[in-house]
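So you can see what is in the structure, the chains are spelled out below.
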Amino acid sequence: MATYPNVVSPPFAEIFRTDYLMKGRWKDDFFGNGHPLVLELGCGKGEYTVALARKYPEKNFIGVDIKGARMWTGATDALQSKLDNAAFLRIRIEFIRSCFASGEASEIWITFPDPQPQQSRINKRLTSVRFLELYQNILRPNGIIHLKTDSESLFEYTRRVLLHNRLPIRWCTSDLYRSALPDEILSVQTYYEKMFTAKGFSIKYLQFTLPPGQLLCEPDGKTPETTL
Ligand SMILES: C[S@@+](CC[C@H](N)C(=O)[O-])C[C@H]1O[C@@H](n2cnc3c(N)ncnc32)[C@H](O)[C@@H]1O
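Residues numbered from 1 in each chain as written. Predicted model: local features only at pLDDT ≥ 70, side-chain atom pairs only at ≥ 80, totals over all residues. Heavy atoms only, no water.

A.B. asks: How should I be thinking about the environment of Lys 124 in this particular structure?
C.D. replies: Within the secondary structure layout, Lys 124 lies in the loop between β5 (105-111) and α5 (129-138). Assessed through its relative accessible area of 40%, Lys 124 is described here as partly exposed. As a C-alpha pair, Lys 124 and Glu 94 span 30 residues in sequence and 9.5 Å in three-dimensional space. Every residue in contact with Lys 124, bar those within four places of it in the chain, is listed here: Gln 116 and Phe 131. (Helix = DSSP H or I, 4+ residues; strand = E, 2+ residues; numbered from the N terminus. Buried < 20%, exposed > 50% of the residue type's maximum accessible area, 1.4 Å probe, protein only. Contact = heavy atoms within 4.5 Å.)

Rendered as structure tokens:
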């Protein structure tokens, strides 16, 4: 992938406690078109990054993941399909503030993140307050976040975070394919989605916004076990 023009893999020293050279410049300098920027966090093989880029040529998409072998699939697909509005960034999500400027992203997709059910790992959940605060920094005001998951516990936990902080929920379903799809793009199935669907799990979907500057806090530090 070192030769792929659509994969950026910054050395640790260029993102650790320092701003990466592309911060604030993705739209104009990397993509060269000034179009809105959408991120897929924990993109794995990048199915959403590629499908979204195909569907919305007037937007730019970056799939973020730490695992290069997985993103190779999406990066190769995007290259072969000549999708010049799709790219991949190989970093830990914890470093997104080093890579993206305030308000630089207009939307975030989080697709089948590790549910991290253990109480001690709340801060590792991609919808924990720790991560929402990072997103709040790089998202444009009231930018949209999409969460697709098979995990009941992560879905309920995320709902609790949203309700506790009174964050506007735009769409919420615990069984996406048994309800009216808000957008046909939601029928795209990732590698993990296919795996869990085959095991009989229903797919949950949440769409919400993050008001700028709002202080956020964890509901109670406990993993919820009951449906709200
Ligand atoms: C369960 S997989 C889902 C992959 C893909 N979205 C899908 O649905 O098939 C979770 C992905 O998130 C990535 N990931 C988890 N935590 C991460 C972090 N802190 N920084 C970067 N990537 C992370 C993993 O490397 C993995 O590819």
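Don't stop here, the text continues.
A.B. asks: When you look at the packing of aromatic side chains in this model, what are you seeing that I'm missing?
C.D. replies: The description of an aromatic ring pair rests on the distance of the ring centres and on the angle between the ring planes. With the rule as written, the count across this model stands at 11 aromatic pairs. Considering the side-chain rings of Phe 12 and Phe 95, the 5.7 Å spacing of their centres and the 90° angle between planes classify their relative orientation as edge-to-face. One end of the pair, Phe 12, is in the loop between β1 (7-8) and α1 (26-30); the other, Phe 95, is in the loop between β4 (86-90) and α4 (96-99), with 83 residues separating them in the sequence. With a relative accessible area of 52%, Phe 12 lands in the exposed category. Judged by relative accessible area, which is 17%, Phe 95 ranks as buried. Ring centres of Phe 30 and Phe 31 lie 5.0 Å apart, and the angle between their planes is 80°; this geometry places the pair in the edge-to-face category. The class for Phe 30 is partly exposed, based on a relative accessible area of 25%. In this structure an aromatic cluster arises from ring pairing among Trp 26, Phe 30, Phe 31 and Phe 100. A cation over an aromatic ring shows up here: Lys 45 above the ring of Tyr 191, its NZ or CZ 4.7 Å from the ring centre. Cation over ring: Lys 59 sits above Tyr 56, and NZ or CZ is 5.1 Å from the ring centre. (Phe/Tyr/Trp six-rings, centres within 6.5 Å; stacked < 30°, edge-to-face > 60°. Lys NZ or Arg CZ within 6 Å of the ring centre and 35° of its normal.)

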